[in-house]
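# Summary of structural features
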Amino acid sequence: MKLKVITSNPGKVREYQDSFSHLGIEMEHLHLPYDEVQTSDLEEVVTKGMEEIRKKGVRDFIIDDSGLFIDDLKGFPGVWSAYAQKTIGNKGILKLMDGVGNRSARFKCCIGCDINGETIMVTGVCEGSIMDAEHGNGGFGYDPIFTYDGKLSFAEMPTEEKNKFSHRGNAVRLLIDEMKKRNIV
Ligand code: ITT
């Protein structure tokens, strides 16, 4: 079985490839830009994105909308995570966190999957905190400043290890459960 991963982000494709390889599902990277509606809801972005992609006649695909939510910044960057990463970047986030006592944060990942004519939507969360500086060269986006265990950043872990604990890894496990219930895998 083949699933298209529709994203501009090759890092996401690597993570999906690692998560699905044991099921014999092959991931194919497809660049197909779709509108990411401005909303406070990851699920809404995914629902609208899936509608738009289906209208183009594409089937059997995955999209995900993810974000980093920092408690002391009232959930910022949250749904503006892509914009904040492109503009202020990790250094800008660290600056905003200067002197902040509570560094708790969570990553969320909402996956929308179109498969065999069915729609599956799941959301995975990973609780953690913002580190004091950037650590590691792996991963992508906010990985160098996020730690789930207070020790290593996601950028210091191989993909396989990040997937064990990450928001996307947790969302994929929920997705696979749903696929099993529907006898897709
Ligand atoms: P697509 O929308 O094209 O899939 P994107 O990178 O813009 O790719 P998102 O909108 O889902 O993806 O992500 C919002 C931001 O959060 C973006 O800057 C990502 O790099 C970052 N991000 C998402 N997942 C992440 C992860 O697992 N680790 C670190 N940063 C992540």
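Summarised in this report is the structure supplied together with it. (Residues numbered from 1 in each chain as written. Predicted model: local features only at pLDDT ≥ 70, side-chain atom pairs only at ≥ 80, totals over all residues. Heavy atoms only, no water.)

Okay, the site of the ligand next. Around the ligand, the surrounding shell holds 19 residues, and the nearest of these are T7, S8, K12, E36 and D143. Between a nitrogen atom of the ligand and a main-chain N or O atom of Y142, the distance comes to 3.0 Å. One of the side-chain nitrogen or oxygen atoms of D143 is found 2.7 Å away from a nitrogen atom of the ligand. Protein chains bury 90% of the 600 Å² of accessible surface belonging to the ligand in isolation. Mapped by element, the contributors of at least two residues to the shell around the ligand are β3 (61-70), α3 (81-87) and α6 (167-181). Among the residues forming the shell around the ligand, the class breakdown is 4 nonpolar, 8 polar and 7 charged. (Near = heavy atom within 4 Å. Polar contact = N/O pair within 3.5 Å; in protein donor to acceptor, adjacent residues only side chain to side chain. Areas by Shrake-Rupley, 256 points an atom, 1.4 Å probe, with all protein chains shown as cover. Helix = DSSP H or I, 4+ residues; strand = E, 2+ residues; numbered from the N terminus. Nonpolar A, V, L, I, M, F, W, Y, C, P; charged D, E, K, R; others polar.)

The subject of this paragraph is the sheet that holds strand β4 (residues 104-115). Taken together, 6 strands build an open sheet; the order of strands is β2-β1-β3-β4-β5-β6 and the sheet is mixed. Across the chains shown, the open sheet's two edge strands, defined by having one partner strand only, are β2 (26-30) and β6 (146-147). Across the sheet, helix α1 (residues 10-20) is in contact with β1 (2-6), β2, β3 and β4; its angle to β2 comes to roughly 170°. Relative to the sheet, helix α2 (residues 42-55) contacts β1, β3, β4 and β5 (118-130), its axis offset from that of β3 by approximately 160°. (Pairing = 2+ DSSP bridges. Contact = heavy atoms within 4.5 Å. Axes fitted to C-alpha atoms, helices over the stretch in contact; angles between N-to-C directions.)

With that settled, the discussion passes to α2. If you check α2, its first and last C-alpha atoms are 20 Å apart, about what 14 residues at 1.5 Å a residue would give, namely 20 Å. Within α2, burial applies to L42, V45, V46, G49, M50 and I53. Summarising the axial view, the buried residues of α2 lie within an arc of 130°, below the 170-degree limit, and thus occupy one face. Those residues of α2 that are buried are in contact with β1, β3, β4 and β5. Looking one or two residues beyond α2, the residue adopting positive phi is G57, at roughly 85°. (Expected span 1.5 Å × (residues − 1). Buried < 20%, exposed > 50% of the residue type's maximum accessible area, 1.4 Å probe, protein only. Arc of directions from axis to C-beta.)

According to the stated counting rule, one finds 5 aromatic pairs in the structure shown. Judged by centre distance (6.2 Å) and plane angle (25°), the ring pair of Y148 and F154 falls under stacked. For Y148, a relative accessible area of 26% gives the class partly exposed. The buried category is assigned to F154, whose relative accessible area is 1%. Following the ring pairs from residue to residue traces out a cluster consisting of F107, F146, Y148, F154 and F165. Residue placement shows K108 over the ring face of F69; its charged tip is 4.6 Å from the ring centre. (Phe/Tyr/Trp six-rings, centres within 6.5 Å; stacked < 30°, edge-to-face > 60°. Lys NZ or Arg CZ within 6 Å of the ring centre and 35° of its normal.)

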